[in-house]
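# Observations on the model geometry
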Amino acid sequence: MNKTTAAITAVGKYVPDYVLTNKELETMVDTNDEWITTRTGIKERRILKEEGKGTSFLAIKAAEDLIERNNIDPKEIDLVIVATATPDMLVASTAVYTATKIGAVNAFAFDLQAACSSFLYGMSVASSYIESGRYKKVLLIGADKMSSIIDYTDRATCIIFGDGAGATLFEPNTDGYGFQDEYLRSDGVGRDFLKIEAGGSILPPSADTIKSRQHFVHQEGRTVFKFAVSNMADVSEKILERNNLTKETVNWLVPHQANKRIIEATANRIGLDDSKVMMNISKYGNTTSATLPLLLADYEKELKKGDNLIFAAFGGGFTWGSIYLKWAYNK
């Protein structure tokens, strides 16, 4: 009997209509288009402007795109996972609301939070549920409304992040396609360098925390960049070695879209040509949990059945890792 693996069988995406360009950011903070482009690779990012709409709106739209384009019956979905760093609200799960709104009435649901590694970790979780044999259709959504936690007077962070969502459907496969291997890591030293100080149980919201702008993302850019460059490259190299893969046998690097220089450093470490590196950071910026599924949606038509994909991500915490997946279909 062939081993059951978890294969991605469908993808979907959603990005808001509003485009925040580098030129517009020049009117908001002391920065310029050339500086942003040179150091990050970002030209524009999408922002969800509508009042009263949060991460669930993005997640629902991405899920509906997947469902409609692939003729999926939402009642057949067993589990909905929303990977996000910006849930709609505390306590009430964004995934549960999302599942209900898309008609996945037979699914259970939960959120998964590992900062920019959320979707990568979610791939591991979704695959484990499929490989257990107890579930047949797992919908994994990466969605973040980063504009809700960004200080648009802080030029160190406001140039980087955008809003968006991507969705993937995992199903059982017995032909050798799908999830092959993972190498996931974390280190609590990162807590000091990338965080939101207030709003949690250590420092609950107060007039003082709001006044001191402690509810926005704070990042020590140089430290985070240094950790990201070395660790994303390390785990990608490790996953290739463990699976006897080479630059010739890898078809695609699917890297978290945090910074073009980090992506290039990871690709260089494993010897991949630019033509094998998925990249859309110039259009969306860093959408945190959404970067990896947005890449899959944007590149879906170029993917071929049997392609070897190497996923890599790095996020706050610190969290990072790499996953090897064999693509399961031609579009």
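Above this note sits the structure.
Presented here is an overview of the structure given in this document. These numbers come from a predicted model, not from an experiment.

Contact pair helix 8 (residues 221-242) / helix 9 (residues 260-269): the axes reach a minimum separation of 9 Å and the direction vectors enclose 30°. As the angle between them shows, helix 8 and helix 9 are arranged roughly parallel. Read as a crossing pair, helix 8 and helix 9 show a hand that is right-handed. Touching Phe-225, Ala-228, Val-229, Ser-230, Met-232, Ala-233, Asp-234, Ser-236 and Glu-237 of helix 8 are Arg-261, Ile-262, Ala-265, Thr-266 and Arg-269, all from helix 9.

Okay, the sheet that holds strand 8 (residues 178-186) next. What the four strands build is an open sheet, ordered 8-13-12-11; its pairing is mixed. The sheet terminates laterally at strand 8 and strand 11 (252-255), the two strands that pair on one side only. In this sheet, adjacent strand axes meet at a mean angle of 15° when their direction is disregarded. When strand 11 meets strand 12 (residues 308-315), the two strands line up parallel, connected through four bridges. Following the sheet pairing, Pro-255 is matched in strand 12 by Ala-312. Strand contacts of helix 5 (residues 118-131): strand 8, strand 12 and strand 13 (319-326), with the helix running at about 135° to strand 8, the strand carrying the most contacts.

Our next topic: the nonpolar core. Counting 34 residues, the largest nonpolar core has Phe-170, Leu-296, Phe-311 and Trp-327 as its most contacted members. Secondary-structure elements contributing two or more residues to this core are strand 1 (5-14), strand 4 (79-83), helix 5, strand 6 (138-145), strand 11, helix 11 (291-299), strand 12 and strand 13. Contacts of Trp-327, omitting those with residues within four sequence positions, involve Ile-8, Val-11, Tyr-177, Leu-296, Leu-303, Lys-304, Lys-305, Gly-306, Asp-307 and Leu-309. Counting 27 residues, the second largest nonpolar core, distinct from the first, contains Ile-60, Ala-62, Ile-102 and Ala-165.

Attention shifts here to the pairing of strand 1. The buried fraction of strand 1 amounts to eight of the ten residues, a majority that puts the element mostly inside the structure. Two strands pair when backbone bridges link them, and strand 1 and strand 7 (residues 163-173) are joined in this way by nine bridges, in the antiparallel orientation. From the neighbouring strand, Gly-12 faces strand 7, where its bridge partner is Ala-167.

So, on to the pattern of salt bridges. Evaluated as defined, the whole model comprises 13 salt bridges. Lys-283 is the partner of Asp-298 in a salt bridge, and the nearest nitrogen-oxygen pair spans 3.7 Å. Taken together, the positions of Asp-298 in helix 11 and Lys-283 in helix 10 (residues 281-284) put the pair 15 residues apart, joining distant regions of the chain. A relative accessible area of 35% means that Lys-283 is categorised as partly exposed. Through salt bridges that share partners, Lys-13, Lys-283 and Asp-298 make up one connected network.

Basis of the calculations
Residues numbered from 1 in each chain as written. Predicted model: local features only at pLDDT ≥ 70, side-chain atom pairs only at ≥ 80, totals over all residues. Heavy atoms only, no water. Axes fitted to C-alpha atoms, helices over the stretch in contact; angles between N-to-C directions. Helix = DSSP H or I, 4+ residues; strand = E, 2+ residues; numbered from the N terminus. Parallel < 35°, antiparallel > 145°, perpendicular 65-115°, else oblique. Left-handed = near helix turned anticlockwise from the far one by under 90°. Contact = heavy atoms within 4.5 Å. Pairing = 2+ DSSP bridges. Core = buried A, V, L, I, M, F, W, Y, C linked by side-chain atoms within 4.5 Å. Buried < 20%, exposed > 50% of the residue type's maximum accessible area, 1.4 Å probe, protein only. Salt bridge = Lys/Arg side-chain N within 4 Å of Asp/Glu carboxyl O.

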